[in-house]
Every structure is written in structure tokens, then in C-alpha cells.
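Listed below, chain by chain, are the residues.
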Amino acid sequence: MAQDSSKDVPLKVLVAGGGIGGLVAALGLRQQGHDVIVFERTDLAKEFGAAIHIGPNGHGILKNLGIFPEELGANQFEKFADYDAQGELKNLMDLLSLDVWPHKWVGCHRVALHEKLKEKAIALEGPGIPVTLKTSSIVVDVDPESATVVLEDGSKYTGDIVLGADGVSSNTRKIVVGPEIKPRGSGKSLFRFMIPREAIQKNPRIAHFAQYNGCMTSWHGEVCRLVMYPCVNNTLMNFGAIHPSYMSPAKGEGWDQEASKEKLLEVFGAFGPQVKEMLDLVDSSTLKVWSLLDMERIPRWYKGRLALLGDAAHPFMPYQGQGACVAMEDAASIVALLPRGTSKDDILERLALYQSIRDERAHRIQASTRNSGQDLGEEEKRQVDCEILQRSSKNISETVPVQEFRSAVPHVWN
Ligand SMILES: Cc1cc2nc3c(=O)[nH]c(=O)nc-3n(C[C@H](O)[C@H](O)[C@H](O)COP(=O)(O)OP(=O)(O)OC[C@H]3O[C@@H](n4cnc5c(N)ncnc54)[C@H](O)[C@@H]3O)c2cc1C
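Residues numbered from 1 in each chain as written. Predicted model: local features only at pLDDT ≥ 70, side-chain atom pairs only at ≥ 80, totals over all residues.

Colleague: I keep staring at the overall build of the chain and nothing clicks. Help me out?
Modeller: Of the regular secondary structure elements, the chain holds 12 helices and 20 strands. Taken over 414 residues, the chain has a buried fraction of 47%. By sequence separation, contacts in the chain at least 24 residues apart represent 75% of the contacts at least 6 residues apart. (Helix = DSSP H or I, 4+ residues; strand = E, 2+ residues; numbered from the N terminus. Buried ≥ 20, exposed ≤ 12 C-beta atoms within 10 Å, placed from the backbone. Contact = placed C-beta atoms within 7 Å.)

Set out below in C-alpha cells:
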């Protein structure tokens, strides 16, 4: 792989999608000295989303890009509490004593992280050329051979490489692997909402559910599962209420399908009175329902000069909260593979390497999250989240296998 420093010209990188994965890639590539344009479908004026997990893998990548989640109100996970559906505590674990991860596992508000990534990517100060962010720009087609992006309004942009970071309903995926591989309903849906921690703590019957800082808490029913964890400096509780899709009205694929409190309480009707009292605190206007999508393994990650990353390559079930972190791993791998001085002629070879680095790991974590979502028998249910934790700790404590590129791009990795 030749690196001709006399031709030290930046690569022109076009990114379809300005979500978490696209912006991590854009920021990292900017810091490598490349010239990056991000095309984002929305106007990003009303970014939404609840909390996301930032596991040690994602956390390390963000820190190396100069983003410190704790400064955005992210809080560390310190404990893990497991209740049955009636609200009886079955297990309480101290996560701080695990001491297996090189970086902290934290909960962060998605909007705060997204805003920070955007701000840092386009800032005039900082290393490299500020990223150009083109909002309200829908990528409808890409020519992978010439690295040309076509927008809905007909305009065309040609670069040296295109990254397809356009999320679960990706257009660019169709170009890489064909239209047959597409996300399908997993049979499970998720109500998501936030409740101020104070509102739970104020009620003496349910205050114990929110007594600990940084506590990942779950309640297990027969076919429904409720998960709660804090974000915004432990002041806001993020909920995911997982249930069979036939029980709720989620129709579309988006993150923002409207839902009602009545439906939430009906679906979780078999849960204990204290759990339902807590659910009753939800503000209906913030309640959303989202159909959890799954997808078969893609046979390739790139075609010509177009490479996929994040949910476009591997939509994740949210049971281990790894969607954003694996998207960040993909992005960091691309960044590491394209240091300043990479020639346009090297790109195809680097993308082949990218695929070989990412394919096994991303799909192994994907399979692991899929298994975590299975409905289980009573005995297994009691053990379930401890096992998930063990598996997660194994998955997320491993080093992203790009050691050989660390020395080339120390500011990303060290
Ligand atoms: C609005 C929103 C809210 C979310 N809320 C949560 C949450 O509460 N909890 C959670 O765990 N995860 C949430 N996620 C998902 C989570 O961010 C992703 O699963 C994960 O970060 C992987 O990132 P990604 O960049 O691959 O995909 P995403 O973060 O989904 O980003 C994809 C981006 O591509 C854009 N896009 C799509 N199609 C096109 C196109 N044709 N042209 C240009 N741009 C396009 C989208 O608008 C989006 O900004 C949310 C995602 C979005 C978009």
C-alpha cells in the first residue's frame, strides 16, 4: 500500500447520512486532513432520540476524537438491578467491581452526543478542513465506480470515496448488496420514553426503583421486558419497553412512531402495581413506539468506492445497546485505514481490508444482541441479564482488531 507523501493531497470523502456513525467518520477523517462532505436527509433542526449506551469501545473512540461524554451529562453505569414483572428484586450487581473495561460504560442523551459531533465536525477551529454538512440533502443514488453521489434534486457530487452511513433504511445498501437484503420486523417492538428521576423518587411506593445512581434496571415478564437507565447526570430516566409487535400499533420503520400511554399500560397490564404506577408517570406526548428490525448478514461491505458503515451494514437489536458503538467502531476503522497521504489508488485495497476487519466482529455482536432478545423460560430469565452482561463485557472489552494501524494514526487510537 503505497503512501506517496509528495502527493499529500486530501482525499475527497462523501458521506451519505449525518447520524452518529456518519459524523464520527466525518470528524475522524477531517482530523486526518481529508476533505469531507456529509449529506443528511433531514434538516437536523429538531434532532430527537432518547438515551444511548456508550460502551467502552465507543467511549474510547470518542475520547480519541476529543469528545468526552461526561461533559455532555453522560453518567457511568455503576449497578445492575434485575426485578421480576411484579417488581420483586431478583439480583443487584455492582458493576464498578467488574473492572474489565478499558473505558467507562456510560448512558448518554443521543441528542447531546449528536450535537457535539456535529459541532466539532464543522467547527472552524481544530485540526483539518472543517466538514461541509449539507442538510435536507437526500442521497438517492451512488455510482460506486466514480464515487459520485446523486441527490434527490438531481445535483451530483464526485469524490474519491463514498461512505454509506444512511442508517437502517439505507439507500446505499441497495447499491452495495442489491435490494433483496433488507430489514424485516423482528417480531418485537419497543416503546421508548423518558421520565424525570425526581418524579419517581417523589413517590414513596416506587422511589426505590430509582434509588441508585447509574443503575441499569430491568423488569422481566413472560413476553415483555422493561429496561430503565439514567442519563443527563442521573436526572432523566430512559425507558425501553420491549414487547411483541402484535400488541402495539408501530407501523413504520422510524424512531418516532406515535404511541399512547393507554396502549403502554395495556401491553404491560400483567406487570405489578408499582411498575404500572411508574409507567403512568410518562408524558404521552413524548411516548414513541419503534418496531425492532433485524436483517440477514450482508455478503460484502463495499462495492467499488462505496463502503457501508453502521446500521446501513448491520442494524442491531437494542438489547445490549451496541448499535451506536459498533457504528463508531466501523467509522474509526475507516478513519484508521485512510491516514493522510493515502492515495486514491489505494482506496480499493483499503476497503477490502476494512471488510475483513469489520465483518466477523460486527456480525458476531449482532448475533449476540439477537440472542439476548429471545423469550426465555423462568429459570433462564432469572439469569438472563447477568449472562448478557458477561457476553457484553466479552464483546466490548475486546480491542478493535486494527492494531496494525494504531501507529499510523496515533491521535485516533492512543
Ligand atoms: C432520529 C434518530 C433517533 C434515534 N434514537 C435512538 C435512541 O433513542 N436510542 C438508541 O439506542 N438509538 C437511537 N437511534 C439509532 C442510533 O443512533 C443508531 O442505531 C446508531 O447510532 C447507528 O448509527 P448510524 O449512523 O448507522 O445510523 P443513524 O444514527 O440512524 O443515522 C443515519 C442517518 O442517515 C440519514 N439518512 C437516511 N437516509 C438518508 C439518505 N437517503 N440521504 C441522506 N441521509 C440519510 C438519517 O436521517 C440519519 O441521520 C436513533 C437514530 C435516529 C436517526
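Colleague: Explain helix H8 (residues 323–337) here, please?
Modeller: At 3.6 residues per turn, the α-helix brings residues three or four places apart onto the same side. Between its first and last C-alpha atoms H8 spans 21 Å; for 15 residues at 1.5 Å apiece the expected length is 21 Å, and the two agree. Counting buried residues along H8, 15 of its 15 residues qualify, which places the element largely inside the surrounding structure. (Expected span 1.5 Å × (residues − 1).)

Colleague: What's the story with the site of the ligand in this structure? I'm lost.
Modeller: The environment of the ligand is formed by 31 residues, the closest being Gly-17, Gly-19, Gly-21, Gly-49 and Gly-310. For the shell around the ligand, the elements supplying multiple residues, two or more each, are helix H1 (20–31) and H8. Its residues placed into classes, the shell around the ligand shows 14 nonpolar, 11 polar and six charged. (Near = placed C-beta within 6 Å. Nonpolar A, V, L, I, M, F, W, Y, C, P; charged D, E, K, R; others polar.)

Colleague: I tried to follow the sheet that holds strand S9 (residues 139–143) on my own but got confused; where do I start?
Modeller: An order of S9-S10-S11 is seen for the three strands of this open sheet, with the pairing classed as antiparallel. Both outer strands of the open sheet, S9 and strand S11 (156–158), are each paired with one neighbouring strand and no more. Here the strands of the sheet are splayed against their neighbours by 20° on average, with no regard to which way each runs. Both strand S10 (residues 148–151) and S11 contribute to a ladder of three bridges, which runs antiparallel. Considered in S11, the bridge of Thr-148 is made with Thr-158. (Pairing = 2+ DSSP bridges. Axes fitted to C-alpha atoms, helices over the stretch in contact; angles between N-to-C directions.)

Colleague: Help me understand the packing of H1 against H8 in this model?
Modeller: Think of two packed helices as two axes; the pair is described by the angle between the axes and how far apart they sit. At a minimum axis distance of 8 Å, the contact between H1 and H8 shows a crossing angle of 25°. Between H1 and H8, the interaxial angle falls into the category roughly parallel. Along this stretch, H1 crosses H8, giving a crossing that reads as right-handed. Residues Ile-20, Gly-21, Val-24, Ala-25, Gly-28 and Leu-29 of H1 pack against Ala-324, Ala-327, Met-328, Asp-330, Ala-331, Ala-332, Ile-334 and Val-335 of H8. Residues of the contact of H1 with H8, tallied by class, amount to 11 nonpolar, two polar and one charged. (Parallel < 35°, antiparallel > 145°, perpendicular 65-115°, else oblique. Left-handed = near helix turned anticlockwise from the far one by under 90°.)

Colleague: How should I be thinking about the sheet that holds strand S20 (residues 306–308) in this particular structure?
Modeller: Two orientations exist for strands paired in a sheet by backbone hydrogen bonds: parallel and antiparallel. Strand order in the open sheet formed by six strands is S8-S2-S1-S12-S20-S19, with mixed pairing between adjacent strands. Every interior strand has two partners, whereas the edge strands, strand S8 (132–134) and strand S19 (302–303), have only one. Note: strand S12 (residues 161–164) against S20, three bridges, orientation parallel. In the sheet register, Gly-164 faces S20, and the bridge partner there is Leu-308.

Colleague: For this particular structure, what's the right way to read the packing of H1 against helix H3 (residues 110–122)?
Modeller: Contact pair H1 / H3: the axes reach a minimum separation of 9 Å and the direction vectors enclose 30°. On the basis of their axis angle, the class for H1 and H3 is roughly parallel. Classified by chirality, the crossing of H3 by H1 is left-handed. On H3, the residues touching Ile-20, Leu-23, Val-24, Ala-26, Leu-27 and Arg-30 of H1 are Leu-113, His-114, Leu-117, Lys-118, Lys-120 and Ala-121. Along the lines of polarity and charge, the residues of the contact of H1 with H3 split into eight nonpolar, one polar and three charged.

Colleague: What's the story with the environment of Arg-300 in this structure? I'm lost.
Modeller: With respect to the helices and strands, Arg-300 occurs in the loop between strand S18 (288–294) and S19. As a C-alpha pair, Arg-300 and Val-176 span 124 residues in sequence and 7.4 Å in three-dimensional space. Here Arg-300 is in contact with Val-176, Val-177 and Gln-355, once residues within four sequence places are set aside.

Colleague: What is the right way to read unusual backbone geometry from this model?
Modeller: Working note: non-glycine residues mostly have negative phi, and peptide bonds are mostly trans. For Asn-233, which is not glycine, the phi dihedral falls at a positive 50°. You can see Asn-233 is positioned in the loop between strand S15 (225–231) and strand S16 (236–244). By the C-beta count within 10 Å, which is 13 here, Asn-233 ends up partly exposed. Non-glycine residue Asn-234 carries a positive phi angle of around 65°. Looking at the element boundaries, Asn-234 is found in the loop between S15 and S16.

Colleague: So what exactly am I meant to see when it comes to the confidence of the model for the chain here?
Modeller: In regions of low pLDDT, the predicted coordinates are not meant to be interpreted in detail. On average, residues of the chain score 86 in pLDDT, and 84% of them reach the 70 mark or higher. pLDDT under 50 marks residues 381–414. Its contacts with residues more than four places away, or in other chains, come to 56 contacts. (pLDDT = per-residue confidence, 0-100.)

Colleague: Whenever I open this one, the nonpolar core confuses me. Can you help?
Modeller: A general trend in soluble globular proteins is that nonpolar side chains are found buried together. Membership of the largest hydrophobic core comes to 113 residues, with the highest contact counts inside it found for Val-15, Val-24, Ala-25, Leu-163 and Leu-309. The contact partners of Val-24, leaving out residues within four places of it in the chain, are Ile-61, Leu-65, Leu-117, Met-328, Ala-331 and Ala-332. (Core = buried A, V, L, I, M, F, W, Y, C linked by C-beta atoms within 7 Å.)

Colleague: Is there a simple way to explain the environment of Ala-16 in this structure?
Modeller: As for its placement among the helices and strands, Ala-16 is situated in strand S1 (residues 12–16). Given 30 C-beta atoms within a 10 Å radius, Ala-16 is considered buried. Taking the C-alpha atoms as reference, Ala-16 lies 7.4 Å from Val-162; in sequence the two are 146 residues apart. Excluding anything up to four places from it in sequence, Ala-16 contacts Phe-39, Val-139, Val-149, Val-162, Leu-163, Gly-164, Ala-165, Asp-166 and Thr-172.

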